[in-house]
Amino acid sequence: MKKWVSLLSAVMLTAALGACKNEESTSTTDATSTTSEATATTDTSNTMMTDSSATTTGSTGGTVSNMSDADKEFVNKAAIGGMAEVQMGNLATQKASNAAVKAFGQRMVSDHSKANDELKSLATTKGLALPTDLDADHKGAMDHLSALSGAEFDKAYMKHMVEDHEKDVSEFEKASQSAQDADLKGWAAKTLPTLQDHLKQAKSTQSGLK
C-alpha cells in the first residue's frame, strides 16, 4: 500500500514539473512573439519615415521651392524677357542698318545672356524650372520685327526696346524692394542699374534715328 502511495506521489510530482516547463516555454514563446511584433512595428515606422522623406524631395528629386507666388511670377517674367532681349538683339545685329542700333543689339545679347545665366543659377538653387520658350506676346514681337528691314526695322526695334525696358526697370525696382526671397531680391537690385542704363541708351539711340 505504501509503495502505491509513493508511486502515485511521484507521478503527480512529475506531472506538476512538466506543467511548469510548459508554462515557461509558453511564456518564452509569447515574449519572442512580442519582440518580433515590436521589431516589425519599428521597421514599418522606419519605412514610413523613408517614404515621407522621399516625398519632400519633390517629383524631380530636387529641392521643392518655397518661393512665394509673386517671386515665382517675377522669375518667370524675367526669364522670358531675358530670352526675348537676346533673340531680338541677335536679330538686330543681322538686320539693323544703323550702326548705333546694331551696337545696341549686340549689347543686349551680351548683357542679357549674362543676366540669364545668373537667373538660371539662382532658380536652380531654389528648385525652380525656368521657361524654355517665349510667350505669345514676345513671339508676336519677334515675328513683326523679322518681317522688317533697313530703317523700318531700326525704328520698330528701338521703339520696342524703349517700351520693353521701361517695363523691365519698373518690375526690377519693385522686386529689388519687395521680393520675399533674399537672393532674388539681391539679384534684382544688382541687375537694375544695367537695365536703367539700357533704357537710357535705348532712348538716346531712338532719338538719333531719322
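Let me sum up the structure you'll find in this document. In this text, all values refer to a predicted model and were calculated from it rather than measured experimentally.

Next up on the list: the overall build of the protein. Along its length, the protein carries six helices and zero strands. Moving toward the C terminus, one meets the helices and strands of the protein in the order α-α-α-α-α-α. Looking at the 210 residues of the protein, the share that counts as buried comes to 31%. A separation of at least 24 residues holds for 75% of the contacts in the protein among residues at least 6 apart in sequence. If you sum the accessible surface of the protein, you get close to 13,100 Å²; carbon and sulfur atoms cover 55% of it.

Another aspect to go through is the environment of Leu-122. By the element assignment, Leu-122 lies in helix α3 (residues 99-125). For Leu-122, a relative accessible area of 11% gives the class buried. Those residues in contact with Leu-122 that lie beyond four places of it in its chain are Asp-183, Leu-184 and Trp-187.

A ring pair, where both rings are aromatic, is described by two values, the distance of the centres and the angle of the planes. Summed over the entire model, instances satisfying the criterion amount to five aromatic pairs. Centre to centre, the rings of Phe-172 and Trp-187 are 5.4 Å apart; their planes meet at 55°, and the pair counts as tilted. Of this pair, Phe-172 sits in helix α5 (residues 150-178) while Trp-187 sits in helix α6 (residues 182-207); the two residues are 15 residues apart in sequence, bridging distant segments of the chain. Residue class for Phe-172 comes out buried when judged on its relative accessible area of 6%. Exposure remark for Trp-187: the relative accessible area of 9% places this residue in the buried category. Through a chain of ring-to-ring contacts, the aromatic side chains of Phe-74, Phe-172 and Trp-187 assemble into a single cluster.

Right, let's talk about the packing of helix α2 (residues 69-95) against α3 for a bit. α3 packs onto α2 with a crossing angle of 150° between their chain directions and a minimal axis gap of 7 Å. Taken together, the axes of α2 and α3 are roughly antiparallel relative to one another. Considering how the two elements wind past one another, α2 and α3 form a crossing that is left-handed. Along its contact with α2, which presents Val-75, Ala-78, Ala-79, Gly-82, Met-83, Glu-85, Val-86, Gly-89, Asn-90, Ala-92, Thr-93 and Gln-94, the element α3 presents Val-101, Lys-102, Gly-105, Gln-106, Met-108, Val-109, His-112, Ser-113, Asn-116 and Leu-119. Partitioning the contact of α2 with α3 into residue classes produces 10 nonpolar, 10 polar and two charged.

The next thing to look at is the nonpolar core. With 43 residues, the main nonpolar core has Tyr-157 and Trp-187 as its most contacted residues. Top contributing element to this core by residue count: α2, with 10 residues.

Working definition: two side chains of opposite charge can pair if their charged atoms are close together. Inspection of the entire model under this criterion finds eight salt bridges. A salt bridge links Arg-107 to Asp-197, with the shortest nitrogen-to-oxygen separation between them at 2.8 Å. Linking Arg-107 in helix α3 with Asp-197 in helix α6, this pair joins segments that are 90 residues apart in sequence. Classification of Arg-107 as partly exposed rests on a relative accessible area of 23%. For Asp-197, a relative accessible area of 33% gives the class partly exposed. With a shortest N-O distance of 3.1 Å, Lys-126 and Asp-181 are connected by a salt bridge. In this pair, Lys-126 is assigned in the loop between α3 and α4 (136-146) and Asp-181 in the loop between α5 and α6, connecting sequence segments 55 residues apart. This pair shows no difference in class: Lys-126 is buried, exactly as Asp-181 is.

Buried residues of α4: His-138, Ala-141, Met-142 and Leu-145, and no others. Mapping the buried residues of α4 onto a view down its axis gives an arc of 100°, with all of them on the same face. Away from its buried face, by an angle of more than 90 degrees, α4 presents the exposed residues Ala-136 and Asp-143. Buried positions along α4 lie against α2 and α5.

About the thresholds
Residues numbered from 1 in each chain as written. Predicted model: local features only at pLDDT ≥ 70, side-chain atom pairs only at ≥ 80, totals over all residues. Heavy atoms only, no water. Helix = DSSP H or I, 4+ residues; strand = E, 2+ residues; numbered from the N terminus. Buried < 20%, exposed > 50% of the residue type's maximum accessible area, 1.4 Å probe, protein only. Contact = heavy atoms within 4.5 Å. Areas by Shrake-Rupley, 256 points an atom, 1.4 Å probe, with all protein chains shown as cover. Phe/Tyr/Trp six-rings, centres within 6.5 Å; stacked < 30°, edge-to-face > 60°. Axes fitted to C-alpha atoms, helices over the stretch in contact; angles between N-to-C directions. Parallel < 35°, antiparallel > 145°, perpendicular 65-115°, else oblique. Left-handed = near helix turned anticlockwise from the far one by under 90°. Nonpolar A, V, L, I, M, F, W, Y, C, P; charged D, E, K, R; others polar. Core = buried A, V, L, I, M, F, W, Y, C linked by side-chain atoms within 4.5 Å. Salt bridge = Lys/Arg side-chain N within 4 Å of Asp/Glu carboxyl O. Arc of directions from axis to C-beta.

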